[in-house]
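What follows is the residue order along each chain.
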Amino acid sequence: MSDVDRNDALIAGLSGQLTPEGHRLQARVYFADTDFTGVVYHARYLEFLERGRSDFLRLAGVHHTELADGKHGERLSWVVRRMDIEFRQPARIDDIVIVDTRVERISGARIFMAQQLSRDGELLVEARVEAAIIGVSGKPRRFPKEWAAAFLRRPE
């Protein structure tokens, strides 16, 4: 295997993969993610979920850095407007967790996503996320139509 192939495989492992439903990311729980008991601290779940959303966007062709640099016209950024989380079971140090992300719908400047974090098929956390695109003024910007097909993935 060439160095380029090794690097591509390493990056692919880092970013997860697009699925027919959306995106799947595998991550390990590290000591820094846990409290003194070895259980994932509740706020760290937000970081796992953020990684899932960010890598989904990246693999779908929408990069945070390109938005911030104004590649799509004005400088844009994503913001989370609302998040509902249900904690079902704890993750623990050294667990391998899976973050599944899918888009439920897109409306105007908003995108509504459903996320699940699981371990060995056991559901640990469910989240519903409403995010928006804003310009430098902080005002919402309409969701570009050309992105909809990339995000609204449906099972084949």
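Quick note: structure is the one above.
Residues numbered from 1 in each chain as written. Predicted model: local features only at pLDDT ≥ 70, side-chain atom pairs only at ≥ 80, totals over all residues. Heavy atoms only, no water.

*Asks:* Provide a residue-level description of the sheet that holds strand β2 (residues 23-28), including the pertinent values.
*Replies:* Across the sheet, which stays open at both edges, the six strands sit in the order β1-β2-β4-β5-β6-β3 with antiparallel pairing between neighbours. Sheet topology places β1 (17-18) and β3 (76-87) at the edges, where each strand pairs with a single neighbour. Most of the contacts of helix α2 (residues 44-59) go to β2, to which it runs at about 135°, and overall it touches β1, β2, β3, β4 (96-107), β5 (110-119) and β6 (122-135). (Pairing = 2+ DSSP bridges. Helix = DSSP H or I, 4+ residues; strand = E, 2+ residues; numbered from the N terminus. Contact = heavy atoms within 4.5 Å. Axes fitted to C-alpha atoms, helices over the stretch in contact; angles between N-to-C directions.)

*Asks:* Break down the packing of aromatic side chains for me, with residues and values.
*Replies:* What characterises a pair of aromatic rings is the spacing of the ring centres plus the angle enclosed by the ring planes. Evaluated as defined, the whole model comprises one aromatic pair. Here the basic side chain of Arg105 rests over the ring of Phe112, its NZ or CZ set 3.8 Å away from the ring centre. (Phe/Tyr/Trp six-rings, centres within 6.5 Å; stacked < 30°, edge-to-face > 60°. Lys NZ or Arg CZ within 6 Å of the ring centre and 35° of its normal.)

*Asks:* Any details on the pairing of β2? Residues and values, ideally.
*Replies:* Burial along β2 is one-sided: the residues His23, Leu25 and Ala27 are buried and none of Arg24, Gln26 and Arg28 is. The sheet contact formed by β1 and β2 spans two bridges and is antiparallel. Looking across to β2, one finds that Gln17 is bridged to Arg24. Counting the residues in the hairpin turn of β1 and β2 gives four residues. Note: β2 against β4, six bridges, orientation antiparallel. For Ala27, the partnering residue across the bridge sits in β4 and is Val97. (Buried < 20%, exposed > 50% of the residue type's maximum accessible area, 1.4 Å probe, protein only.)

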